[in-house]
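Structure at a glance
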Amino acid sequence: MENRPTILKFLQKVFVIYGITTLILNIFTLIFGDAAKEMSTIFSFGSEALGVKTAMQFLLAVVILVLIENLFTTDILIKKMKNPMRICLMFVSIFAVVSLFVAVFGWFPTDLAMPWIMFIICFAISSAVSTIITAYSEKQENKKLDEALKRFKGEENE
């Protein structure tokens, strides 16, 4: 596990994720806003705008999700848990939080199957992509550390 997160790293993650999320929401608003206006509070202004309430709801969601990520990817509270279990519990927690936001804020109708199916597909794809990216970056970081260790050992033997 990595070192304790700092407030600056936390804020950086929050605003990077929030920025990407807001960009995607704006694109969806332009494309689907008018058609989804009656079905979702996210698109309450149709294709004209993303509402301030929606933007603030997504900011709150991102803050909670980054807190969850920090909880499961550091040893702050969870000391002895294997990585696969941490990752599974993290994704379950994130799914639960987003589902709660869907229900509380009316992001889409909770009584229709199709929005849930689409949500689950999108969640699965984004989870897979983020897991692949994280695994790749960890592999690259480990490779750099191994090379640095080899250089250090080589200099030490001289």
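Look up: the structure comes first, before these words.
Heads up: these notes are all about the structure in this document. Predicted, not measured: the structure shown is a model, and the values here were computed from it.

Glancing now at the environment of Arg-86. Looking at where Arg-86 falls in the secondary structure, it is placed in helix H3 (residues 83–105). The exposure class of Arg-86 is buried, given its relative accessible area of 2%. C-alpha of Arg-86 to C-alpha of Glu-69: the two residues are 17 residues apart in sequence and 9.5 Å apart in space. At a separation of 3.0 Å, a polar atom in the side chain of Arg-86 contacts the main-chain carbonyl oxygen of Met-81.

Judged by nonpolar contacts, the single largest core of 27 residues is most densely connected at Ile-42, Phe-58, Ile-68, Met-90, Ile-94, Val-98 and Trp-107. Listed by contribution, the elements that provide at least two residues to this core are helix H1 (7–36), helix H2 (52–73), H3 and helix H4 (113–157). Ignoring any residue separated from it by four or fewer positions in sequence, one finds Ile-42 in contact with Leu-25, Leu-50, Thr-54, Phe-58 and Trp-107.

Right, let's talk about a nonpolar patch on the surface for a bit. The grouping of Val-16, Ile-17, Ile-20, Leu-23, Ile-24, Ile-27, Phe-28, Leu-30, Ile-31 and Phe-32 at the surface amounts to a nonpolar patch, some 940 Å² of accessible area in total. If you trace the backbone, Phe-32 turns up in helix H1. Exposure remark for Phe-32: the relative accessible area of 43% places this residue in the partly exposed category.

Within the element layout of this structure, Thr-54 appears in helix H2. Judged by relative accessible area, which is 4%, Thr-54 ranks as buried. Not counting chain neighbours up to four residues away, the residues in contact with Thr-54 comprise Thr-41 and Ile-42.

Between its terminal C-alpha atoms H1 stretches only 37 Å, short of the 44 Å expected from 30 residues at 1.5 Å a residue. Considering bend angle alone, the principal kink of H1 is centred on Leu-30 and spans about 55°. Listed in full, the buried residues belonging to H1 are Phe-10, Val-14, Tyr-18, Leu-25, Thr-29, Gly-33 and Ala-36. Buried residues belonging to H1 abut H2.

Thresholds, definitions, all that
Residues numbered from 1 in each chain as written. Predicted model: local features only at pLDDT ≥ 70, side-chain atom pairs only at ≥ 80, totals over all residues. Heavy atoms only, no water. Helix = DSSP H or I, 4+ residues; strand = E, 2+ residues; numbered from the N terminus. Buried < 20%, exposed > 50% of the residue type's maximum accessible area, 1.4 Å probe, protein only. Polar contact = N/O pair within 3.5 Å; in protein donor to acceptor, adjacent residues only side chain to side chain. Core = buried A, V, L, I, M, F, W, Y, C linked by side-chain atoms within 4.5 Å. Contact = heavy atoms within 4.5 Å. Patch = residues over 30% accessible without salt bridge, like charges linked within 9 Å, V, L, I, M, F, W, Y side chains within 5 Å. Areas by Shrake-Rupley, 256 points an atom, 1.4 Å probe, with all protein chains shown as cover. Salt bridge = Lys/Arg side-chain N within 4 Å of Asp/Glu carboxyl O. Expected span 1.5 Å × (residues − 1). Bend = angle between axes of the 7 residues up to and from the residue.

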